[in-house]
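For reference, the chains in residue letters:
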Amino acid sequence: MELKKLTEQVEDICVEVAGFIRNEAGKLTAAGITQKSANNLVTHVDHTAEDRLVEALEKILPQAGFIAEEGSGERGEGLNWIIDPLDGTTNFVHGIPCYCISIALVDGTEPLLGVVHEVTRDERFTAWKGGGAYLNGKRIQVSPRKELVESLLATGFPYDDFGYETEYMDLLRELMHRTRGIRRLGSAAADLAYVACGRFEAFYEYGLNSWDVAAGVLLVREAGGRVSGFAPSKDPLFDEEIVASNRAVHDELLEVIERNWQRQD
């Protein structure tokens, strides 16, 4: 596969579907919004966008399967597209900027390419394995800041899994004192893209799915950053916890996480 060319094709697909999403913004009615589980919203826009993405991606790489948030397509043995058609649906429903299309191609657990298209700002973050990371075609790199105390972090909060609420709040409390600040955008795909381009020094969260993070994992790595789970044994793509950073603050952040998160064991 020629990954650069394939990434460009995926980017073109995202541009088209982002236009549809943008056109639908502000038109939602209560009838068009359903709840998959507690506080987990989905709209007809999610479903239609995913259908369009799957149809287009099948044409450019017929041999790949799909791991898609709304269940379109079938999972394959090796190559799979991992798709979130609208990461940040709650933001979209409430008219809050920041929601993304996130698409990655993976071989097993190894990301080969990733595209995150932030719809409201029309920012397209792209990467392919060994080719670097880009924002609207311009090369990007992670932040050069060296210490947690001068870092701006991003995180998210679980909407239905509160089993580790105490641990997570303890972690948040310590990081409030140890960093320049913490932001919560409501889209993990955007959080990771912002780490890749140096807006955040790091991002951490638990309770995520592969479609939330797969493209962003590659973006951060190709921009010079580091991605891991909360513990070395955890896979950030499929084990529902992730730490992504500019590399320089990664170990320091992991120490804080370990100190507050160890009670889950």
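Refer to the preceding data block for the structure.
Just so you know, these numbers come straight off a predicted model, no measurement behind them.

Colleague: Mind laying out the sheet that holds strand E7 (residues 123–128), listing which residues take part and the relevant values?
Modeller: Within the open sheet, the 7 strands sit side by side as E3-E4-E5-E6-E7-E8-E9. Their pairing is mixed. Taken across any chain shown, the strands that pair with only one partner, and hence form the sheet edges, are strand E3 (65–68) and strand E9 (138–139). With respect to the sheet, helix H2 (residues 44–60) is in contact with E3, strand E4 (79–87) and strand E5 (100–107), its orientation differing from that of E4 by roughly 150 degrees.

Colleague: Before we move on, can you summarise the pattern of salt bridges with the specific residues and values?
Modeller: Inspection of every chain in the model, using the stated rule, returns 13 salt bridges. Note that glutamate 11 is salt-bridged to arginine 124, the shortest N-O span being 3.1 Å. Linking glutamate 11 in helix H1 (residues 3–24) with arginine 124 in strand E7, this pair joins segments that are 113 residues apart in sequence. We note that glutamate 11, like arginine 124, is buried. One salt bridge connects arginine 199 with glutamate 123, and the closest N-O pair in it is separated by 2.9 Å. Taken as a pair, arginine 199 in the loop between helix H5 (188–196) and strand E12 (202–206) and glutamate 123 in strand E7 lie far apart in primary sequence, 76 residues in all. With relative accessibility at 8%, the residue glutamate 123 sits in the buried group. One network of salt bridges, in which partners are shared, links Glu11, Arg22, Asp122 and Arg124.

Colleague: How would you explain the packing of H1 against H2 if you had to name every residue and give the values?
Modeller: Direction vectors running N to C along H1 and H2 enclose 160 degrees, while the axes themselves pass 10 Å from each other. Regarding the angle of H1 to H2, the classification is roughly antiparallel. Judged by the twist between their axes, the crossing of H1 over H2 is right-handed. Along its contact with H1, which presents Leu6, Gln9, Val10, Ile13, Val17, Phe20, Ile21 and Glu24, the element H2 presents His44, Val45, Thr48, Ala49, Arg52, Leu53, Ala56, Leu57 and Ile60. The class makeup of the residues in the contact of H1 with H2 is 12 nonpolar, 3 polar and 2 charged.

Colleague: Can you tell me about a negative patch on the surface, naming the residues and giving the values?
Modeller: A contiguous patch of negative charge, built from Asp160, Asp161, Asp239 and Glu240, is present on the exposed surface. Topologically, aspartate 160 is positioned in the loop between strand E10 (152–155) and helix H4 (165–178).

Colleague: Quick rundown of unusual backbone geometry? Include the residues and the values.
Modeller: Of note in the backbone geometry, cysteine 98 takes a positive phi value of approximately 100 degrees without being a glycine. As for its placement among the helices and strands, cysteine 98 is situated in the loop between helix H3 (89–94) and E5. Phi at arginine 247 takes a positive value of approximately 85 degrees, unusual for a residue other than glycine.

Reading the values: rules and limits
Residues numbered from 1 in each chain as written. Predicted model: local features only at pLDDT ≥ 70, side-chain atom pairs only at ≥ 80, totals over all residues. Heavy atoms only, no water. Pairing = 2+ DSSP bridges. Helix = DSSP H or I, 4+ residues; strand = E, 2+ residues; numbered from the N terminus. Contact = heavy atoms within 4.5 Å. Axes fitted to C-alpha atoms, helices over the stretch in contact; angles between N-to-C directions. Salt bridge = Lys/Arg side-chain N within 4 Å of Asp/Glu carboxyl O. Buried < 20%, exposed > 50% of the residue type's maximum accessible area, 1.4 Å probe, protein only. Parallel < 35°, antiparallel > 145°, perpendicular 65-115°, else oblique. Left-handed = near helix turned anticlockwise from the far one by under 90°. Nonpolar A, V, L, I, M, F, W, Y, C, P; charged D, E, K, R; others polar. Patch = residues over 30% accessible without salt bridge, like charges linked within 9 Å, V, L, I, M, F, W, Y side chains within 5 Å. Areas by Shrake-Rupley, 256 points an atom, 1.4 Å probe, with all protein chains shown as cover. Lys, Arg positive; Asp, Glu negative; His and termini not counted. Charge placed at Lys NZ, Arg CZ, Asp CG, Glu CD.

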